[in-house]
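Below, each chain spelled out in residue letters.
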Protein chains: 4
Amino acid sequence: MPIRTPIFHPPFNVVRASHVELGVRDLAASRAFYVDCLGYLVSEETTETLYLRGVEERNHHSIVLRTASEAAVDTLGFKLASEDDLDRAVFWFKGKGLPTSFPQVPFQGRTLRTVDPHGAPLDFYVRMDQCERMLQRYAAHRGARIQRIDHINCFTPDVQTSYDFFHEIGFRLTEYTETDDPDPLLWAVWMHRKGNVHDIAFTNGRGPRLHHIGVWTASALDILHMCDVMATCGYLANMERGPGRHGLSNAFFLYIRDPDGHRVELFTSDYLTVDPDLEPIRWSLKDPQRATLWGHPAPKSWFEEGAAFAGVPVRTPALAAQPIVAH
Amino acid sequence: MPIRTPIFHPPFNVVRASHVELGVRDLAASRAFYVDCLGYLVSEETTETLYLRGVEERNHHSIVLRTASEAAVDTLGFKLASEDDLDRAVFWFKGKGLPTSFPQVPFQGRTLRTVDPHGAPLDFYVRMDQCERMLQRYAAHRGARIQRIDHINCFTPDVQTSYDFFHEIGFRLTEYTETDDPDPLLWAVWMHRKGNVHDIAFTNGRGPRLHHIGVWTASALDILHMCDVMATCGYLANMERGPGRHGLSNAFFLYIRDPDGHRVELFTSDYLTVDPDLEPIRWSLKDPQRATLWGHPAPKSWFEEGAAFAGVPVRTPALAAQPIVAH
Amino acid sequence: MPIRTPIFHPPFNVVRASHVELGVRDLAASRAFYVDCLGYLVSEETTETLYLRGVEERNHHSIVLRTASEAAVDTLGFKLASEDDLDRAVFWFKGKGLPTSFPQVPFQGRTLRTVDPHGAPLDFYVRMDQCERMLQRYAAHRGARIQRIDHINCFTPDVQTSYDFFHEIGFRLTEYTETDDPDPLLWAVWMHRKGNVHDIAFTNGRGPRLHHIGVWTASALDILHMCDVMATCGYLANMERGPGRHGLSNAFFLYIRDPDGHRVELFTSDYLTVDPDLEPIRWSLKDPQRATLWGHPAPKSWFEEGAAFAGVPVRTPALAAQPIVAH
Amino acid sequence: MPIRTPIFHPPFNVVRASHVELGVRDLAASRAFYVDCLGYLVSEETTETLYLRGVEERNHHSIVLRTASEAAVDTLGFKLASEDDLDRAVFWFKGKGLPTSFPQVPFQGRTLRTVDPHGAPLDFYVRMDQCERMLQRYAAHRGARIQRIDHINCFTPDVQTSYDFFHEIGFRLTEYTETDDPDPLLWAVWMHRKGNVHDIAFTNGRGPRLHHIGVWTASALDILHMCDVMATCGYLANMERGPGRHGLSNAFFLYIRDPDGHRVELFTSDYLTVDPDLEPIRWSLKDPQRATLWGHPAPKSWFEEGAAFAGVPVRTPALAAQPIVAH
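Residues numbered from 1 in each chain as written. Chains lettered and ligands numbered in written order. Predicted model: local features only at pLDDT ≥ 70, side-chain atom pairs only at ≥ 80, totals over all residues. Heavy atoms only, no water.

A. How the structure looks around the relation of the copies chain B and chain D. The two copies are related by a screw operation: chain B maps onto chain D through 180° of rotation and 0.0 Å of translation along the axis, at an RMSD of 0.0 Å. Such values leave the two copies arranged in the relation of a two-fold axis. Interface overlap between copies is the fraction of interface residues in one copy that are interface residues in the other; for chain B against chain D it reaches 100%, indicating a shared surface. (Least-squares fit on C-alpha atoms with pLDDT ≥ 70 in both. Contact = heavy atoms within 4.5 Å.)

Take a look at the structure:
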């Protein structure tokens, strides 16, 4: 029985998925993609690093791009509710025998760096520098008018373990895919802290790897406009999947790849999940509308490609199953 | 100094604004308005009562319409996180010397009925019957394709008292209007539990009275379509204000009146507020873009009319100020 | 040199593509598709025939569905400017040695039935019964809120001949695809009378056959909503291609198949073409963005399948070329 | 009986309303408004003049702004079908005893300058320099993403005379407002050449004066975005009326004023009018939904203010009637 009762009083209070730090090989190319094409706002830039945010975000950054020799992911950032929660998190991770360190992170307060059970790096912090809110500076909205980071989606070699871990620190399941076996196995999970479908999701696959970061737009037309822009300014090959609608989460989506292959999901239209008695929605692995309510099946790359975490070995999952792939 | 530090560990855990019960004089006329025109789904109906929900709502009802001799409001409903929270709520309200009772409420579990400091009736409950989720039954979406209840907005004769009360039970301030006095007075407050701009708001005025219930749609075009429909099927006079955009909350809005004068706000486009360090946004009472970022000023009715709570006396506020009214 | 100077004073004045008559094998199934799902308005129905129109159309019908033993197309209808034009059309077709007859057509005035050079049946008429305009009866808009028929798209075994014929009767070229040979060959043409990209288009392929009828919606969101509806009420398999955007015509499109396999294109977003000096836009057959500015390549069925005209033999084209097909 | 039978074979063939030339007092301020805020593309600029076009326009300009000592209108431009039509137009205007001249107009071919019966300057031409089409250069779309000029709307001191004149040169009536007298008087007319609701409209009022130029956007959301932009970058006072929907023409509209008070209507959603048997739609002057299907009544300025034509005296109309004005 893979699904557990939600934990409403977790060991520490995670507010939400907050940011990702990505290694990129050509910062100018990344800037052209994220800023000039997608319309991200620049909070700060140096010769080595670019700090980006969406139009409603007051947190200093939700994407950090850092020049690197390879396109690996540096860390996944989560905001905690209080410094007490941060202390409790340190205690909890130490208790699990997981590594803890406290790197100096620009524009952030005290930051705990640790890992999940598969070695994926996680940063937990409370305070980040606050920037001007640009939500009502409409003349500055460009490209896809991205409002905010929404979630982080990862491949894991063992969904049950990843689920159990994030479950234990208070993430609540909203939707999941499992096999139709008498003793079903989890194929994918969507888990949240902030009250919509997810802050983090895991899918069975070679991992740990980042599958994508999900960013929210106010209108499906913003996403269609981004299709038009990308298709006509040299980014056609960067459009990997969509637009379409997922059965899971009900998201209207577009998946794109940045110049390093990092995947971004532009999406809109999920739903509120704050009710404690909200029953998670089960999807059979065999149901094709699970992944694609409508739209063309995902290409092979979408199922197979992802970004490794810097220095973290990737393992093959035990569970092998055939998703519906576009030919 | 009217603004307080948020309380992150309140005496009991309110999940969100959940529903309203409205007295209506002609249930058939109300059904025509809410179901045939707005597109609300009917969860249950009797000769006396209509239980309605939006397309994403699994809770049995977010609007209850009950035949009554006058168009008063019966109660405002809030969902709590657990039965323990309900026990704590009972203890807390008793400690404040406020009345507590436990009416049998159809389709709901144990329900505490009490009042706020101005006598507005409040229902707190944990369990409600769950209905089929219709979010992906798109062929059943009609009218404005309303997804869910979002918030409750009330007149209060004393904003500071209302703010203090809801603050104490854990509602967090996101935006507020105050006078420009050296010792400023609160004119209006927006407070949330579920992570967006508000679950409840209070504005200075004769109260306690319900100003409106706010309901969320996925697209501004759903709201424009409702304008087209209302204007051409006999509800032109029921369109009171908008469409327009509020400075406060950034909502794209339309205010409509039901056949009894109960006010509904269709809205979309606010933002995420889960960060504990999110600074509330202050608006000066003198700033006209506070209420109307753009669009025609609200009519006098919008500032003056509201629905009394059944049997609850209405008082005139101490604070008198002149909002910007359409001529 | 395949492209000709437009003829501004044609032998008779065609106003626009007006309607199609389709043979269907199960009228109830067709009604469920066109009326209940797509939202077409019914102007008239008998046990054998269904007359449909879009929400802005005052003409009695733009689609006629007639019970038939096979799913063939009966005729393509074009509106002429005046009875004099109809006389001139009769004279012109007789002069070309093409058959002319004057069938009694319900709800239409005098109607000339003839054929194009490949035998495709064409009806020309001036008067049609007028119906109530429903454009501002917004509460009656359903499904995709289709406003009007826009164009007819056919396979032809010889694009140059089809182009020459419609050119001679005043259709003006707006866009075309040709091979990159030194002496290029036409692969497809888009031609108009009414002032947007097309009233009729021809593509190289086994023909004459109807490829699709194109119908116009006011918003891309109407098309996305139709995707949602079709995917969740049993018509997922009827969604053949899209949504996406064509390079040609700039249309945002969705191609669907009715229960008999007749293809309908829902589209929006083309442009005005009334200027006599508007240069036709040339696309190379090798340019993949010609057909798909973005979106998944069309499936094989989209390139190969079409509806024959009742009793009209189909021929294989001389020109063989490989379009970009989805695998 | 004020309504006449359409003339399908006019003395010369006007293709459409093409452009306006406006005198502006501060070209930099106009540039900030039209280019930086509205998103118009600049085809050419000099120290004295700015030539603008929308994203689908291949004609060199649809708005010409010229530095002037006062904010008058220089001319209204119409495109003709051929040089023969231009010869016929010259002959016709001379026959009416109206002045004809042939000014050198930059970027245009031979241009006839004449006047309408009330002295409004009219330019007729066939050829204009062609520019790169930017419709599919999506990354260059800004602001309201205006696609094209649609129509010109004028005050006239005598609607019947204006109607008769444009009727005689082939403009066809689509909608009109008249009094409810037994012998009704025309209050306003909408007349087209290009196949939608209008190329030119006249309303009773002090004239001849330009009321507004109407420009077309693909989506209502482009118009709402322009509201957001204007309200937050210093142009709030330039938003005069709307958004709303007209009964007449069914347009979803926003009326804005440029820095000189010239009025621009952003609109979308009218309908096709090419059918010769399309009955004009009559509206009673007393019907408030004629002008405002929904939305706030127009302010007094909208009914009274307009731009005079340079050097052309303005007369008071004979017909006095009270439109519904916002208080």
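B. Layout of the interface of chain A and chain B. With 36 residues of chain A in contact, the opposing surface of chain B contributes 36 residues. Between chain A and chain B the total buried area reaches about 3000 Å² when both faces are included, carbon and sulfur atoms providing 50% of it. When the buried area of chain A at its contact with chain B is split by residue, R58, L272 and D277 of chain A rank highest and sum to 19% of it. On the surface where chain A and chain B come into contact, there are 4 salt bridges. The salt bridge involving R16 of chain A is made with D275 of chain B; its shortest N-O contact spans 2.6 Å. (Buried area = accessible area lost by both parts, 1.4 Å probe. Salt bridge = Lys/Arg side-chain N within 4 Å of Asp/Glu carboxyl O.)

C. Local environment of the interface of chain B and chain D. Between chain B and chain D, the contact holds 17 residues from the first and 17 residues from the second. Summed over both sides, the interface between chain B and chain D buries roughly 1600 Å², with carbon and sulfur atoms accounting for 69% of that surface. Considering only the surface of chain B that becomes buried against chain D, D228, W294 and H296 of chain B emerge as the three largest contributors, covering 31% of it. At the boundary of chain B with chain D, the tally comes to 7 residue pairs in polar contact (both at pLDDT 80 or more). Elements that contribute at least two residues to the side of chain B that touches chain D include exactly α4 (220–232) and β13 (239–245) of chain B. For the side of chain B that touches chain D, the element with the most residues is α4 of chain B, which contributes 7 residues. (Polar contact = N/O pair within 3.5 Å; in protein donor to acceptor, adjacent residues only side chain to side chain. Helix = DSSP H or I, 4+ residues; strand = E, 2+ residues; numbered from the N terminus.)

D. How the structure looks around the pattern of salt bridges. All names here are of chain A. Under the definition given, this model contains 96 salt bridges over all chains. Here D123 and R113 are joined by a salt bridge, their closest N and O atoms 2.7 Å apart. In this pair, D123 is assigned in strand β7 (residues 121–125) and R113 in strand β6 (residues 111–115), connecting sequence segments 10 residues apart. The partly exposed category is assigned to R113, whose relative accessible area is 28%. (Buried < 20%, exposed > 50% of the residue type's maximum accessible area, 1.4 Å probe, protein only.)

E. View of the sheet that holds strand β6 (residues 111–115) of chain B. All names here are of chain B. One open sheet accounts for 7 strands, arranged β2-β3-β4-β1-β5-β7-β6; its pairing is mixed. On the outer flanks of this sheet lie β2 (41–45) and β6, each paired with one strand and no other. Strand-to-strand, the axes of this sheet are offset by a mean angle of 25°, without reference to chain direction. With 4 bridges joining them, strand β3 (residues 49–53) and strand β4 (residues 63–67) adopt antiparallel strand pairing. If you follow L52 over to β4, its bridge partner there is I63. Lying on the sheet, helix α2 (residues 83–95) is in contact with β5 (73–80), β6 and β7 (121–125); it crosses β6 at an angle near 25°. (Pairing = 2+ DSSP bridges. Axes fitted to C-alpha atoms, helices over the stretch in contact; angles between N-to-C directions.)

F. Representation of the sheet that holds strand β5 (residues 73–80) of chain D in the model. Residues and elements named next belong to chain D. If you trace the 7 strands from one edge of the open sheet to the other, you get β2-β3-β4-β1-β5-β7-β6, paired in mixed fashion. With partners counted over all chains shown, the strands left at the sheet margins are β2 (41–45) and β6 (111–115), one partner each. Averaged over all adjacent pairs, the angle separating strand axes in this sheet is 25°, with direction ignored. Set on the sheet, helix α2 (residues 83–95) makes contact with β5, β6 and β7 (121–125); between it and β6 the angle comes to about 25°.

G. Summary view of the relation of the copies chain A and chain B. Between the two copies, chain A and chain B, the superposition gives an RMSD of 0.0 Å; the rotation angle is 180° and the shift along the axis is 0.0 Å. An overlap of 100% is found between the interface residues of chain A and their copies at the interface of chain B, pointing to a shared contact surface.

H. Representation of the packing of helix α4 (residues 220–232) of chain A against helix α4 (residues 220–232) of chain C in the model. The interhelical angle for the contact between α4 of chain A and α4 of chain C, taken along N-to-C directions, is 105°, at an axis separation of 10 Å. Considered as vectors, α4 of chain A and α4 of chain C are oriented roughly perpendicular to each other. Residues A220, L221 and L224 of chain A of α4 of chain A form the contact with α4 of chain C, whose own contacting residues are A220, L221 and L224 of chain C. In terms of residue class, the contact of α4 of chain A with α4 of chain C is made up of 6 nonpolar, no polar and no charged. (Parallel < 35°, antiparallel > 145°, perpendicular 65-115°, else oblique. Nonpolar A, V, L, I, M, F, W, Y, C, P; charged D, E, K, R; others polar.)

I. Representation of α2 of chain D in the model. All names here are of chain D. If you check α2, its first and last C-alpha atoms are 18 Å apart, about what 13 residues at 1.5 Å a residue would give, namely 18 Å. Those residues of α2 lying buried are D85, L86, A89, V90, W92 and F93. Along its buried surface, α2 packs onto β5, β6, β7 and α3 (159–168). (Expected span 1.5 Å × (residues − 1).)

J. Layout of the state of the cysteines. Residue and element names in this part refer to chain B. If you walk through the whole model with that rule in mind, you get 0 disulfides over all chains. The structure places no disulfide on C37, whose sulfur is separated from the nearest cysteine sulfur, that of C233, by 4.5 Å. Judged by its relative accessible area of 3%, C37 falls in the buried class. (Disulfide = S-S within 2.5 Å.)

K. Broad picture of the pairing of strand β8 (residues 148–156) of chain D. Residues and elements named next belong to chain D. Extensive coverage of β8 is indicated by the burial of 9 of its 9 residues. With 7 bridges connecting them, β8 and strand β12 (residues 209–216) associate as antiparallel partners. Looking across to β12, one finds that I149 is bridged to V215. In this sheet, strand β11 (residues 200–204) lies alongside β8 in parallel orientation, the contact comprising 5 bridges. Each bridged residue has a counterpart across the sheet, and for F155 the counterpart in β11 is T203.

L. Spatial organisation of the packing of aromatic side chains. One pass over the full model with this rule turns up 84 aromatic pairs over all chains. Looking at R241 of chain B, its charged tip hangs above the ring of W302 of chain B, at a distance of 4.3 Å from the centre. We note R148 of chain C situated over the ring of W216 of chain C; from NZ or CZ to the ring centre the distance is 4.2 Å. (Phe/Tyr/Trp six-rings, centres within 6.5 Å; stacked < 30°, edge-to-face > 60°. Lys NZ or Arg CZ within 6 Å of the ring centre and 35° of its normal.)

M. Focus on helix α2 (residues 83–95) of chain A. On its buried side, α2 of chain A packs onto β5 (73–80), β6, β7 and α3 (159–168) of chain A. G97 of chain A sits one or two residues past α2 of chain A and shows a positive phi near 75°.

N. Spotlight on the side chain of H225 of chain B. Looking at the element boundaries, H225 of chain B is found in helix α4. A polar contact is formed between the side chain of H225 of chain B and the side chain of R145 of chain C, at a distance of 3.3 Å. The residues touching H225 of chain B, leaving out its near neighbours within four places in the chain, are G143 of chain B together with Y138 and R145 of chain C.

O. Region of the structure containing the pairing of strand β14 (residues 252–257) of chain D. Residues and elements named next belong to chain D. Judged by how many residues are buried, β14 sits mostly within the fold: 6 of 6 residues are covered. Side chains of β14 alternate between two faces, with F252, L254 and I256 and F253, Y255 and R257 buried alike. Pairing between strand β13 (residues 239–245) and β14: 4 bridges, direction antiparallel. Its bridge partner being in β14, G244 is matched across the sheet by F253. Where β13 folds back onto β14 in an antiparallel hairpin, the turn is made up of 6 residues, including S249, whose phi is positive at roughly 80°. In sequence, β14 turns back onto strand β15 (residues 263–268) through a hairpin of 5 residues, with G261 there showing a positive phi of about 90°.

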